[in-house]
Amino acid sequence: MAVAPNPHHTLGALYGKILRTLQKMPESSVYRKYTEQIVKERAAVLKQTKDAYEIETKINCGQAEELIIQAENELNLARKMLTWKAWEPLVAKPPKSQWEWPPTKA
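About the criteria used
- Residues numbered from 1 in each chain as written.
- Predicted model: local features only at pLDDT ≥ 70, side-chain atom pairs only at ≥ 80, totals over all residues.
- Heavy atoms only, no water.
- Salt bridge = Lys/Arg side-chain N within 4 Å of Asp/Glu carboxyl O.
- Helix = DSSP H or I, 4+ residues; strand = E, 2+ residues; numbered from the N terminus.
- Buried < 20%, exposed > 50% of the residue type's maximum accessible area, 1.4 Å probe, protein only.
- Axes fitted to C-alpha atoms, helices over the stretch in contact; angles between N-to-C directions.
- Parallel < 35°, antiparallel > 145°, perpendicular 65-115°, else oblique.
- Left-handed = near helix turned anticlockwise from the far one by under 90°.
- Contact = heavy atoms within 4.5 Å.
- Nonpolar A, V, L, I, M, F, W, Y, C, P; charged D, E, K, R; others polar.

1. What to know about the pattern of salt bridges
If charged atoms from side chains of opposite charge come close, those side chains can pair.
Part 1: Throughout the structure, instances matching the rule amount to two salt bridges.
Part 2: For the salt bridge of Glu36 with Arg32, the shortest nitrogen-to-oxygen distance reads 3.5 Å. With Glu36 and Arg32 both in helix α2 (residues 30-48), this residue pair falls four residues apart, about one helical turn. The pair Glu36 / Arg32 is uniform in exposure class, with both members buried.
Part 3: Residue Lys58 is joined to Glu54 by a salt bridge in which the shortest nitrogen-to-oxygen separation is 3.2 Å. Taken together, the residues span about one helical turn, with Lys58 and Glu54 both in helix α3 (residues 52-59) at a distance of four residues.
Part 4: Judged by its relative accessible area of 42%, Lys58 is partly exposed.
Part 5: On the accessibility criterion, Glu54 (31% relative accessible area) is partly exposed.

2. Some words on the packing of α2 against α3
Part 1: α3 packs onto α2 with a crossing angle of 150° between their chain directions and a minimal axis gap of 10 Å. If you check the angle between α2 and α3, you find them roughly antiparallel. Seen from above, α2 lies across α3 with right-handed handedness. Of α3, the residues touching α2 (which contributes Arg42, Val45, Leu46 and Gln48) are Ile55, Lys58 and Ile59.
Part 2: Looking at the contact of α2 with α3 residue by residue, the class counts come to four nonpolar, one polar and two charged.

By themselves these figures say nothing about function.
Structure representation (structure tokens):
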């Protein structure tokens with residue numbers, strides 16, 4: 001994996017894009033609520049420091065380059081979630097035992 005030339009700037013831009021995408025979702029969306037919380041925490045770390053090593057240590061989810069990949073993946077997922085509208089009600093009711101484990105026989 002190549003070293004990111006300016007991880008602070010790249011992460012800041014990605015976190016901003018993720019937050020703007022999340023704002024297009026309803027506030028009641030569970031995905032929005034928890035993803036927004038994580039991204040805001042990480043963005044706050046960026047505001048506190050410019051040092052890549054310190055950012056990596058405080059976020060504690062890998063090296064700066066890995067954080068960039070994670071942010072790119074999250075942005076892609078957030079954009080897909082807008083299309084999928086996962087917060088909308090299901091088209092049909094799920095089977096009664098869908099969330100039970102081990103599965104029960106119907």
